[in-house]
Amino acid sequence: MFNTLITLGRFGLGLTVLSIMQVARTLKGIYWGLYAQAWDVQCHFLNHFAAERDPQAVIPAGKPGAGGDWSRYTYFAPTDTDSRSPCPAINALCNVGILPRNGRNIKFTEFQTVLSEAYNLSPSLTFGLLQTIAKMFGKDYWHDAIDLELFSTHNVIEHDASLVRHDSIIQPDQGVPAPDLINQLLKSATGAAIVGKQRVRILTPADIAAFTRQRRVECKANNPQYTQKFMHKFFSANNSSIMYDTFGGRVEDLKVWLLEERFPPGWQPRVTKRYGYTMLALNLRTLQIGLWTQPPPFVNPPRRPVSNGLYSS
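Reading guide: rules and limits
Here the residue index of a chain counts from 1 through its sequence in written order. Only residues with pLDDT of 70 or above have their local features reported here, since the model is predicted, and side-chain atom pairs are shown and tallied only from 80 upward, although totals for entire chains, interfaces and linings are computed over all residues. In computing side-chain properties, one takes all heavy atoms of the structure into account and sets aside hydrogens as well as water. All axes here are fitted lines through C-alpha atoms, helices being fitted over the stretch that makes contact, and every angle between N-to-C directions spans 0 to 180 degrees. In this description a helix means any DSSP run of H or I spanning at least four residues, a strand means any run of E spanning at least two, and both kinds are numbered starting from the N terminus. In a left-handed crossing the near helix is turned counterclockwise from the far helix by less than a right angle, and in a right-handed crossing that turn is clockwise. Two residues form a contact once any of their heavy atoms are found within 4.5 Å. Ten residue types, Ala, Val, Leu, Ile, Met, Phe, Trp, Tyr, Cys and Pro, are classed as nonpolar, four, Asp, Glu, Lys and Arg, as charged, and the remainder, Gly among them, as polar. Residue-level confidence of the predictor is summarised by pLDDT, bounded by 0 at the bottom and 100 at the top. Between the rings of Phe, Tyr and Trp (Trp by its six-membered ring), a pair exists once the centres lie within 6.5 Å; its type follows the angle of the planes, with under 30 degrees stacked, over 60 edge-to-face, and the other angles tilted. Disulfides are defined in this document as cysteine sulfur pairs within 2.5 Å. Only protein chains enter the calculation, and the probe is 1.4 Å; a residue is then buried if its accessible area is under 20% of its type maximum, exposed if over 50%, and partly exposed in between. Note that patches include only residues with greater than 30% relative accessible area and no salt bridge, and the join distances are 9 Å for like charges and 5 Å for nonpolar side chains (Val, Leu, Ile, Met, Phe, Trp, Tyr). The Shrake-Rupley method, run with a 1.4 Å probe sphere, supplies the accessible areas, and residue values consider only the shown protein chains as cover. Within this document, salt bridges are pairs made up of a side-chain nitrogen of Lys or Arg and a carboxyl oxygen of Asp or Glu, the two lying within 4 Å of each other. Angle categories are assigned with fixed cut-offs, so that under 35 degrees is roughly parallel, over 145 is roughly antiparallel, 65 to 115 is roughly perpendicular, and the rest are oblique.

Caption draft 1: Inspection of the packing of helix H3 (residues 108-119) against helix H4 (residues 123-136) at higher detail. Orientation of H3 relative to H4, taken along the N-to-C sense of each, is 150 degrees, at an axis distance of 9 Å. Our pair here, H3 against H4, has a crossing hand that is right-handed. Side by side, H3 and H4 meet where Phe108, Phe111, Gln112, Leu115 and Ser116 of the first sit next to Pro123, Thr126, Phe127, Leu130, Ile133 and Ala134 of the second. Partitioned by chemical class, the residues of the contact of H3 with H4 number 8 nonpolar, 3 polar and no charged.

Now the structure itself:
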């Protein structure tokens, strides 16, 4: 009887410790989430008053790609043993050697710094986003490292109806671009802008929304296991927003980045805000693209949206 009571006591103590640890993890997550939001509000506020970066010097001096010079970062296509993700932004950094070329054992904290510098994303955005992603995969942002292929786990952040990958039931390796989809996406561009003395084609938010809507219809019809929860629609619009704003929708630059997953010569982020592209700015663009993706007549997006000073023709 006495031994039984001791066993039960130990069991109860163990449950109590586990409960305390779970509460501590929850509170820790809430704290860092609020920290990222407060940091982002500060960055967004300062962006309204600080002078913008020189468009020819968006990437800081001494950092990879400064002044649009990528010559020191030679592109090598990934080998069969390299790990890649469904995300062109991360893959490009590995393909040119800014992140480890094999795409393995990369710490979340390393992603945070490199993504901020290469794409002029605010540190608050990359910190908050990576904190969330780490939690979704059961990882610790501060201590854990991953192989990129983890991001291809279906229905976590990888999802059906991607703009640049076929569904995983058709294309099991989500680390590889789908050229046919990318060419369709870029062909759908309706916008134009004068850059210098040249007229360049622009993939507008309305174009992205229309192609997303088309992809969802096609995938639902052709994929018997098709699923897309609200979270995946949100991630889709999030990714599209970052792609649009960091590249200004310029088709020729996107073609290199999406098909080859490398940086075009001379390229620098089109976001010139002093403190980078914030979560608030991202969420506003995500809301725009997300709403325009809804089938008409719920939303009928204009064909002449304005962003980054660029207009559709």
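Caption draft 2: Expanded view of the confidence of the model for the protein. Per-residue confidence for the protein gives a mean pLDDT of 89, with 86% of residues at or over 70. In the predicted structure, residues 304-313 sits below a pLDDT of 50 and forms 31 contacts with residues beyond four places in sequence or in another chain.

Caption draft 3: Broad picture of the packing of aromatic side chains. With the rule as written, the count across this model stands at 18 aromatic pairs. On the basis of an interplanar angle of 55 degrees and a centroid distance of 6.0 Å, the ring pair of Trp39 and Phe127 is categorised as tilted. Placement of Trp39 in helix H1 (residues 2-47) and of Phe127 in helix H4 is noted, with a sequence separation of 88 residues between them. Geometrically, the ring pair formed by Tyr119 and Phe263 is tilted, given 5.7 Å between the ring centres and 45 degrees between the ring planes.

Caption draft 4: Seen up close, the environment of Phe211. Secondary-structure assignment places Phe211 in helix H6 (residues 205-222). Sequence separation between Phe211 and Leu185 is 26 residues; the distance between their C-alpha atoms is 6.5 Å. Each residue touching Phe211, except ones within four places of it in the same chain, is listed here: Leu163, Leu181, Gln184, Leu185 and Ser188.

Caption draft 5: Inspection of the state of the cysteines at higher detail. Under the counting rule described, the total for this entry stands at 0 disulfides. In this structure Cys87 is not part of a disulfide, and its nearest cysteine sulfur, from Cys94, lies 10.0 Å away. Accessibility expressed as a relative area gives 28% for Cys87, which makes it partly exposed.

Caption draft 6: Quick peek at a nonpolar patch on the surface. A cluster of nonpolar side chains, contributed by Phe45, Leu46, Phe49 and Tyr275, occupies part of the molecular surface with about 420 Å² of accessible area. The topology assignment puts Phe45 in helix H1.

Caption draft 7: How the structure looks around the packing of helix H7 (residues 230-247) against helix H9 (residues 279-293). Two numbers describe how H7 lies on H9: the axes approach to 8 Å, and their chain directions differ by 115 degrees. Put simply, H7 runs roughly perpendicular to H9. Both H7 and H9 take part in a crossing whose hand is right-handed. Within the contact between the two elements, H7 uses Phe234, Ala237, Asn238, Ser240, Ser241, Ile242, Tyr244 and Asp245 and H9 uses Leu282, Asn283, Arg285, Thr286, Ile289 and Gly290. In terms of residue class, the contact of H7 with H9 is built from 6 nonpolar, 6 polar and 2 charged.

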